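Fold and contact review
Residue strings, one per chain:
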Amino acid sequence: MKLLVAVKRVIDYNVKVRVKSDRTDVDLANVKMSLNPFCEIAVEEAVRLKEKGVASEVLVVSIGSKACQEQLRTALALGADRAIQVEGPDNPDSLSVARILAEIVKREDPGLILLGKQSIDSDNNQTGQMLAALIDRPQATFISEIMIEGDQLTATREVDGGLQTLQLTLPAVVTTDLRLNEPRYASLPNIMKAKKKPLDVMTADELGISINNRITLVSVEPPAERSAGIKVSSVTELVDKLRQEAKVIA
Ligand code: AMP
């Protein structure tokens, strides 16, 4: 069985995000970019399924500018076998990404498609759901455990206040949650080996898909600055300040 994993290049989760002075977008100049953490979990799970003998090949796909080849190489270093970059804008809208992935699914015929539950930059949480609808296959989102037997996938979902278990018939789409696994670090020899693994580049046109962003980013606002706190020396002083200055108690 072939596994297809969709991976996205995003701002690194350790970076303190800055907004451009004209508020048109987040400032990405000289900022560290990484594999979206939920996509990294999806790659790790796919590689584990291959190591267990459940899958035979792990294909990773990213839609974006040439820069996203860096994240595809990271996925190859983590154990994926092959990569495809579909050239597109840096932040294509979710429906365009889902339509491109649907076309790749048609051509590659994977038994299971893994995506992150959400991108940590746009926080959309919708690409996997859109893809499942477009290819008319079952989906399980926010997955914390996967078991595959024959053409049946049992998935544990993290839902509000508990866990839900679903059974799906493959091919299916799953989106990964944080507790599914702890991704490995890529070793230096694997980083070197990844440079030689196949990475194909195609355009959306070649796939017969036009990327037309239906959503316009109007503006981005940083969170309101909080003024520094103060230390009080006694409960009496605290109550006094709450009454006289903050006016939150009478
Ligand atoms: P989102 O719906 O944007 O929150 O993204 C959910 C998941 O969809 C991500 O974790 C990726 O697996 C996939 N995805 C989103 N954008 C892209 C992209 N440009 N290229 C490849 N996969 C993507």
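Look above for the structure.
Okay, so let's go over this structure. In this text the structure is predicted, and so the values were computed from the model without any measurement.

It is worth spelling out the sheet that holds strand S1 (residues 2–6) at this point. Pairing is mixed across the open sheet formed by nine strands, whose spatial order is S9-S8-S7-S10-S6-S1-S4-S5-S11. Taken across any chain shown, the strands that pair with only one partner, and hence form the sheet edges, are strand S9 (162–169) and strand S11 (199–203). Each strand of the sheet is rotated relative to its neighbour by a mean of 30°, with strand direction disregarded. For strand S7 (residues 139–149) and strand S8 (residues 152–159), the ladder comprises six bridges, and the chain directions are antiparallel. Bridge pairing links Glu 149 to Gln 152 in S8. Each of strand S4 (57–64), strand S5 (82–87) and S11 touches helix H2 (residues 69–78); the most contacted strand, S5, lies at about 165° to it.

Bringing the nonpolar core into the picture now. Core analysis: the biggest nonpolar cluster contains 37 residues, and Val 5, Val 60, Leu 112, Leu 114 and Leu 153 have the highest contact counts within it. Listing elements by their share of this core, those giving two or more residues are S1, helix H1 (37–51), S4, H2, strand S6 (112–116), S7, S8 and strand S10 (172–176). With eight residues, the single largest contributor to this core is H1. The contacts of Leu 112, once residues within four sequence positions are left out, are Met 1, Lys 2, Leu 3, Leu 4, Leu 49, Ile 148, Leu 153, Leu 170, Ala 172 and Val 174. Within the second largest apolar cluster, 24 residues are counted, among which are Leu 4, Ala 6, Ile 63 and Leu 131.

So, on to a nonpolar patch on the surface. Side chains of Ile 230, Val 232, Val 235, Leu 238, Val 239, Leu 242, Val 248 and Ile 249 sit close together on the surface and give an oily, nonpolar patch of about 650 Å² of accessible area. Position of Leu 242 among the secondary structure elements: in helix H6 (residues 235–244). You can call Leu 242 partly exposed: its relative accessible area is 31%.

Below, the discussion takes up the environment of Thr 203. You can see Thr 203 is positioned in strand S11. With relative accessibility at 26%, the residue Thr 203 sits in the partly exposed group. Here the alpha-carbon distance between Thr 203 and Val 86, two residues 117 residues apart in the chain, equals 5.3 Å. With sequence-adjacent residues up to four places away left out, Thr 203 is seen in contact with Val 86 and Glu 87. For Thr 203, the side chain forms a polar contact with the main-chain nitrogen of Glu 206, separated by 3.1 Å.

This part takes up the packing of aromatic side chains. Using the criterion set out here, one finds zero aromatic pairs in the structure. Over the aromatic face of Phe 142 sits the side chain of Lys 117, whose NZ or CZ is 5.4 Å from the ring centroid.

To continue, consider the side chain of Glu 44. Structurally, the position occupied by Glu 44 is in helix H1. A relative accessible area of 3% places Glu 44 in the buried class. Setting aside residues no more than four positions away along its own chain, Glu 44 makes contact with Asn 181, Glu 182, Pro 183 and Arg 184.

This part is about the state of the cysteines. Per the stated rule, a full pass over the model turns up zero disulfides. Note on Cys 39: no disulfide assigned, nearest cysteine sulfur contributed by Cys 68 at a separation of 11 Å.

What counts, and at which threshold
- Residues numbered from 1 in each chain as written.
- Predicted model: local features only at pLDDT ≥ 70, side-chain atom pairs only at ≥ 80, totals over all residues.
- Heavy atoms only, no water.
- Pairing = 2+ DSSP bridges.
- Helix = DSSP H or I, 4+ residues; strand = E, 2+ residues; numbered from the N terminus.
- Axes fitted to C-alpha atoms, helices over the stretch in contact; angles between N-to-C directions.
- Contact = heavy atoms within 4.5 Å.
- Core = buried A, V, L, I, M, F, W, Y, C linked by side-chain atoms within 4.5 Å.
- Buried < 20%, exposed > 50% of the residue type's maximum accessible area, 1.4 Å probe, protein only.
- Patch = residues over 30% accessible without salt bridge, like charges linked within 9 Å, V, L, I, M, F, W, Y side chains within 5 Å.
- Areas by Shrake-Rupley, 256 points an atom, 1.4 Å probe, with all protein chains shown as cover.
- Salt bridge = Lys/Arg side-chain N within 4 Å of Asp/Glu carboxyl O.
- Polar contact = N/O pair within 3.5 Å; in protein donor to acceptor, adjacent residues only side chain to side chain.
- Phe/Tyr/Trp six-rings, centres within 6.5 Å; stacked < 30°, edge-to-face > 60°.
- Lys NZ or Arg CZ within 6 Å of the ring centre and 35° of its normal.
- Disulfide = S-S within 2.5 Å.

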